[in-house]
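Inside the fold
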Amino acid sequence: MPAYTATAPGKIILVGEHAVVYGQPALAVPVRDVRARAVVRADIKGEEGAIRIFAPGIGLQSRYKDLPVNHPLRVAVDGVLHELELLRTPACSLHIHSTIPIASGLGSSAAVSAAVIQALAGFLGHPLSKERVSSLVFEVEKIHHGTPSGIDNTVVTYDKPVFFTKGLPIQTFSIGKPFTFVIGDTGIPSATAETVGLVRNAYQEDKQRFEDLFSAIGSLAIKARTAIIAGRKADLGAVMDENHTLLKEMGVSSPELDRLVEGARKNAAWGAKLSGGGGGGNMIALVESEQAEQMAQTLKDIGAANTIITRIEPT
Ligand code: PMV
């Protein structure tokens, strides 16, 4: 059986995190500068049915069957076997490598799952549709997030810009002109399950206030899509700024995120906001292409542990 390789990109949420969990639309785009990659190949020395997993980035080397039943990689493999109605596989090895920073809101867990699921199904001779892959990744995401909206699995599986609403089929959109973003990592792990839980508790206590915040964010996602289609940076930047203010009101920003966001704005960003679950993790700044390197340096100077420059281009 020939080896099979699959990859999936990282992602950023441009507008709409958290509100998307409550049914509002959100916009996310792939970050192709970083990727997860999985390779499955026959293991001639292995025993029948054994899958050996190697993920050096997280120090993991294990037989799949020795992983706890709720381990994300085991759930991903079990999802494929169940989907293909297979009880066992030929002996094989699964090698995973990812350049997507972990626990920072860049969709690392979803991208690893998407790569693993596609590589294993392909190796077994039954490549799966994007729709099936995305829904299997969603099942794995439940382990990380509890109640994921589905945006992460959708954007990394389809590897396309998405205007996402929970429960609705994927909608993509066109990009009027190139947009350049600098991603700044606070270096503080972002526990999405924690901030999602924090928002849920606050919502239970003051439903009206939070419903107003969510629907204001949903309107921003619609404005952002219009701005991107028309290629208007100033409009998208203004929407990002407003979104950050609303996320702060929801209590999911942090002093470190605010410092990077304010620093970006003072240094000629069109707009800036946290991206992903918040608490820590990443922020994004929309900049002129020729200012991206300078912005990355500025963010590092004021505390970013890491930066990535990424672009979305007209399709
Ligand atoms: O995985 P993260 O940190 O990019 O967060 C996902 C976005 C949330 O809206 C906070 C959660 C969700 O499931 O949509």
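Data block above holds the structure.
This structure is a prediction, so every number in the text was calculated from the model and none was measured.

**Comments concerning the pairing of strand S2 (residues 26–42)**
Where strand S1 (residues 4–15) and S2 come together, eleven bridges link them in antiparallel fashion. Opposite Ala6, over in S2, you have Ala38 as the bridge partner. Pairing between S2 and strand S6 (residues 162–164): three bridges, direction antiparallel. Its bridge partner lying in S6, Leu27 is registered against Phe163. By the bridge criterion, seven bridges tie S2 to strand S5 (residues 92–98) in an arrangement that is antiparallel. Bridging from a neighbouring strand, Ala42 pairs with Cys92 of S5.

**Digging into the pattern of salt bridges**
Note on pairing: side chains with opposite charge can pair once their charged atoms come close. One pass over the full model with this rule turns up 14 salt bridges. Across the pair Asp159 and Arg32 runs a salt bridge, and its minimum N-O distance is 2.7 Å. Of this pair, Asp159 sits in the loop between helix H4 (151–158) and S6 while Arg32 sits in strand S2, and the two are 127 residues apart along the sequence. The class of Arg32 is partly exposed, set by a relative accessible area of 49%. A salt bridge links Asp235 to Arg232; the nearest nitrogen and oxygen atoms lie 2.8 Å apart. Here Asp235 falls in the partly exposed class, since its relative accessible area comes to 35%. Look at Arg232 and you get partly exposed, because its relative accessible area is 42%. Three or more residues are tied together by salt bridges with common partners; here these are Arg32, Arg35 and Asp159.

**A few points about the packing of helix H5 (residues 192–205) against helix H6 (residues 207–230)**
Here H5 crosses H6 at 125 degrees, and the two axes come no closer than 5 Å. Classed by the angle they form, the pair H5 and H6 counts as oblique. Within the contact between the two elements, H5 uses Val199, Ala202, Tyr203, Gln204 and Glu205 and H6 uses Lys207, Phe210, Glu211 and Phe214. The residue makeup of the contact of H5 with H6, split by class, is five nonpolar, one polar and three charged.

**Focus: the sheet that holds strand S9 (residues 282–287)**
The strand order across the open sheet formed by four strands is S8-S9-S7-S10, and the pairing between neighbours is antiparallel. The sheet terminates laterally at strand S8 (271–275) and strand S10 (306–312), the two strands that pair on one side only. Recorded for the sheet is a direction-independent mean angle of 25 degrees between the axes of neighbouring strands. Alignment of strand S7 (residues 179–185) against S9, held across six bridges, turns out to be antiparallel. Its bridge partner lying in S9, Gly184 is registered against Met283.

**Structural notes on the packing of helix H2 (residues 108–123) against H4**
Across the interface, H2 lies against H4 with an axial gap of 9 Å and an inter-helix angle of 50 degrees. Looking at the two axes, H2 sits oblique to H4. Here the hand of the crossing between H2 and H4 comes out right-handed. Of the residues in H4, those touching H2 at Ala110, Ala111 and Ala114 are Asp152, Asn153, Val156 and Thr157. Here the contact of H2 with H4 is composed, by residue class, of four nonpolar, two polar and one charged.

Calculation notes
Along each chain, the written sequence defines residue order, and numbers are assigned to residues from 1. Restriction of local features to residues with pLDDT of at least 70 applies here, the model being predicted, together with a cutoff of 80 or more for giving and counting side-chain atom pairs; totals for whole chains, interfaces and linings are based on all residues. Think of the side-chain values as coming from all heavy atoms in the structure, minus any hydrogens and water. For two strands to be treated as a pair, DSSP must find no fewer than two bridges joining them. Helix and strand assignments follow DSSP, with helices taken as H or I runs no shorter than four residues and strands as E runs no shorter than two, numbered in order from the N terminus. The salt bridge definition used is simple: a Lys or Arg side-chain nitrogen within 4 Å of an Asp or Glu carboxyl oxygen. Exposure classes here rest on a 1.4 Å probe applied to the protein chains alone. A residue is buried below 20% of its type maximum, exposed above 50%, and partly exposed in between. A fitted line through C-alpha atoms serves as each axis, taken over the contacting stretch for helices, and the angle formed by two N-to-C directions is quoted from 0 to 180°. In this scheme, roughly parallel covers angles under 35 degrees and roughly antiparallel covers those over 145, while 65 to 115 is roughly perpendicular and the rest are oblique. We call two residues in contact when some of their heavy atoms are within 4.5 Å. By the convention adopted, Pro, Cys, Tyr, Trp, Phe, Met, Ile, Leu, Val and Ala count as nonpolar, Lys, Arg, Asp and Glu as charged, and the other residues, Gly among them, as polar. Less than a right angle of anticlockwise turn of the near helix away from the far helix marks a crossing as left-handed, whereas a clockwise turn marks it as right-handed.

All quantities given are derived from atomic positions and should not be read as evidence of function.
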